[in-house]
Each structure stands twice: as structure tokens, then as C-alpha cells.
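Chain by chain, the residues run as shown.
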Amino acid sequence: MKKRHQASGIRRQATCPTPSIRWILLTLLAGALCATMFAPHVPAAAADQAKPRPQGDSRRGESAGAVAGAARAKARAVAEYGYRIVNRYPHDRTAFTQGLEYREGVLYEGTGLNGRSTLRKVKLETGEVLQQVKLGNAFFGEGITVLPHQIVQLTWQAGMGFVYDRDTLRTSRTFNYPGEGWGLTNDGRRVYMSDGTAQLRRWDPATLQEQQRITVRDGSKEIASLNELEWVKGEIYANVWQTERIARISPEDGRVVGWINLTGLLDEAERPQVDVLNGIAYDAAKDRLFVTGKLWPTLFEIQLVPVRSH
Ligand SMILES: [Ca+2]
């Protein structure tokens, strides 16, 4: 527009009678017309976009902030899983399950409650107890883990654990630890132990001496009441006491990398007679995952179904 006004202004002055001035004016007029005709068409918005913005431009700031926020939210989000029931197996309704593992065709189970605590080998398909030992009435049995030649069992508040010969289930020794005993598992090189807090202890499997503790967190939130544990393909699975959720935990730093939601696994009609979900076992040879609960009538083989991935 500005150029058009300039051109029309020149046209209004083109009545000057002097030939040389007229020639100069005509030349200028032609130049102005050419400039108008061949100037690139730039819409106002495009022109505005083409301008370099100062670094503090508010719109650009909002956009970068939104991107950063979305990235943080994505980093915080952990994978979520539901489940599909693959098989149902009978489970002893009187077994107050506190520890569960599967090795070479045998289910190993530790049970709790004073006067009812046991360590047992169970036939998966039938729930038949193949072999068992009872703990003294003073002991409330807790988590177990199976080593190549031994089985380790915790007790809840006695601060004492038992080591059994894997074949005979005879007690070979006892050991002590501070605090409460809840869950156990091992990866072949290290034993992991839960104590009801958000911490996992790492033990030397030969000495059962503590080497390290890691704190389990989902983002910045500590996840307390970690109970029964299981080593599954490089992660520690831990069911959280009084919930129907299993945390999938990185053993390196305690970070929760996924949640398994087992809501609805047990029929509502069976709920009044049972206690909480507790008990995870993994059959590494056949990639089978088993879960059950205290006094549950059923042990489930499940497959995880992703609900939300990273
Ligand atoms: Ca287990």
C-alpha cells in the first residue's frame, strides 16, 4: 500500500511542463510501477512468521514448555499391564501363602501364621503337598527363595531365618537379620529381600549378609509395603501388600518400570473367605507366571496384557 501511495503521488505531480523534468519523472514513474508489479506477495501472517523472533518470544516459550512438559510426563509414565488367565490350578485353602517359587516342575511354598507356618513342595497341577516341614509355633513364616542346593525362609518379626537342604527340607542352619522379614527372591547371583518398607535389601547368597539396599520409587514416590518377590527376566516383581497390584522393579536403581493390575482375578464370591493377593512364581524354562493369595482356593497362571506402554 505504501508503494502505491508513493506512485500515485508521483502521478499527481506529473503535469510539470519542463521536458527534462518530465523525462526524469517518467523514468521514476516507470521504476515505481515496475517495483509495484514485481514485488513478491507476502501475506501479513506469513510476513509476521518470517520475522526473526527475539529469544524471549512468549509464543515460542509456551511451545517449548509444552514440549518439555510432555517429555517429562512421558518419562514419568510407566507401563501398565492387565492380565489374561491361562490356567487355574487348585491351591490349599489353608495355606497362608508368604513365599512362592517354581523350579524344575515343583512349586515351593512358604506359609505363615503362628502354629500354621510351613515350607512345602507342591504339585502344581493338583495342589497336592509332596513334602513339607512345620516351623515351631513361635515362628510366623514369611518369604522363601530356592538356591541350587538350599531353600531360605524368613520369619516375620523374629529376626531369624532358616536355611534348608533342598532335597530333604532339613534345617541346615539359621541366620539373623535386623527388622522384619517379608519377601525373598534371587537371580542366581544375589538374594533380594523385602521388609515391608519401600526398600529392598541385596544379600550375598552364600553368607546371607546384606550388601546393599535400594529404595523402590515410582517417579519420586516411594512404594512401601513391598511383599512377595519374584525375579522375572531381569526385573523384580513385588506385590504390594493389601493391593491387587504388582510392581515391576529395576534391580539396578529401584525404579518402578511397570505396574500389573490384577483386579478381578479372584471371583467376588470367594473374597469373604480369603486374605490378600500374595505369591508370585515364575517358571523360567516355560515362561509361565503364577500368582495366588493367602488362603486363596486357586493358583492362576497368567499372561500379561499391555494396557499402556512406555
Ligand atoms: Ca516368589
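Note: the structure precedes this text.
In this text, all values refer to a predicted model and were calculated from it rather than measured experimentally.

**Q** So what's going on with the overall build of the protein? Which residues, and what values?
**A** If you tally the helices and strands in the protein, you get 4 helices and 22 strands. A total of 310 residues make up the protein; the buried ones form 28% of that total. For the protein, the proportion of contacts with a sequence separation of at least 24, taken over those separated by at least 6, is 48%.

**Q** Run through the sheet that holds strand β6 (residues 141-146), naming residues and quoting values.
**A** Ordered in space as β6-β7-β8-β9, the 4 strands form an open sheet in which the pairing is antiparallel. Pairing within the sheet leaves two strands with one partner each, and these edge strands are β6 and β9 (171-176). Along the sheet, successive strands turn relative to each other by an average axial angle of 20°, direction set aside.

**Q** Help me get a handle on the pairing of strand β19 (residues 256-261), residues and values and all.
**A** Pairing geometry for strand β1 (residues 79-90) and β19, over 3 bridges, is parallel. Paired with Tyr 81 across the bridge in β19 is Ile 260. Relative to β19, strand β18 (residues 245-249) runs antiparallel, the two being bridged by 5 bridges. In the sheet register, Ala 247 faces β19, and the bridge partner there is Trp 259.

**Q** Can you tell me about the sheet that holds strand β13 (residues 210-215), naming the residues and giving the values?
**A** Read from one edge of the open sheet, 4 strands run β10-β11-β12-β13, paired in antiparallel fashion. Each edge of the sheet is formed by a strand with only one pairing partner; in this case those strands are β10 (183-186) and β13. Put simply, the sheet's adjacent strands are angled 25° from each other on average, direction ignored. In this structure, strand β12 (residues 199-203) lies alongside β13, joined through 5 bridges in antiparallel fashion. The residue bridging Arg 201 from the neighbouring strand is Arg 213, located in β13.

**Q** Which residues make up the nonpolar core, and what values do they have?
**A** Counting 43 residues, the largest nonpolar core has Ile 151, Leu 184, Ile 236, Ala 238, Ala 281, Phe 290 and Val 291 as the members making the most contacts within it. Every residue in contact with Ile 151, bar those within four places of it in the chain, is listed here: Tyr 108, Leu 119, Ile 144, Val 146, Tyr 164 and Arg 166.

Rules and cut-offs
- Residues numbered from 1 in each chain as written.
- Predicted model: local features only at pLDDT ≥ 70, side-chain atom pairs only at ≥ 80, totals over all residues.
- Helix = DSSP H or I, 4+ residues; strand = E, 2+ residues; numbered from the N terminus.
- Buried ≥ 20, exposed ≤ 12 C-beta atoms within 10 Å, placed from the backbone.
- Contact = placed C-beta atoms within 7 Å.
- Pairing = 2+ DSSP bridges.
- Axes fitted to C-alpha atoms, helices over the stretch in contact; angles between N-to-C directions.
- Core = buried A, V, L, I, M, F, W, Y, C linked by C-beta atoms within 7 Å.

Note that every value here comes from positions in space, so none of it alone points to a role or purpose.
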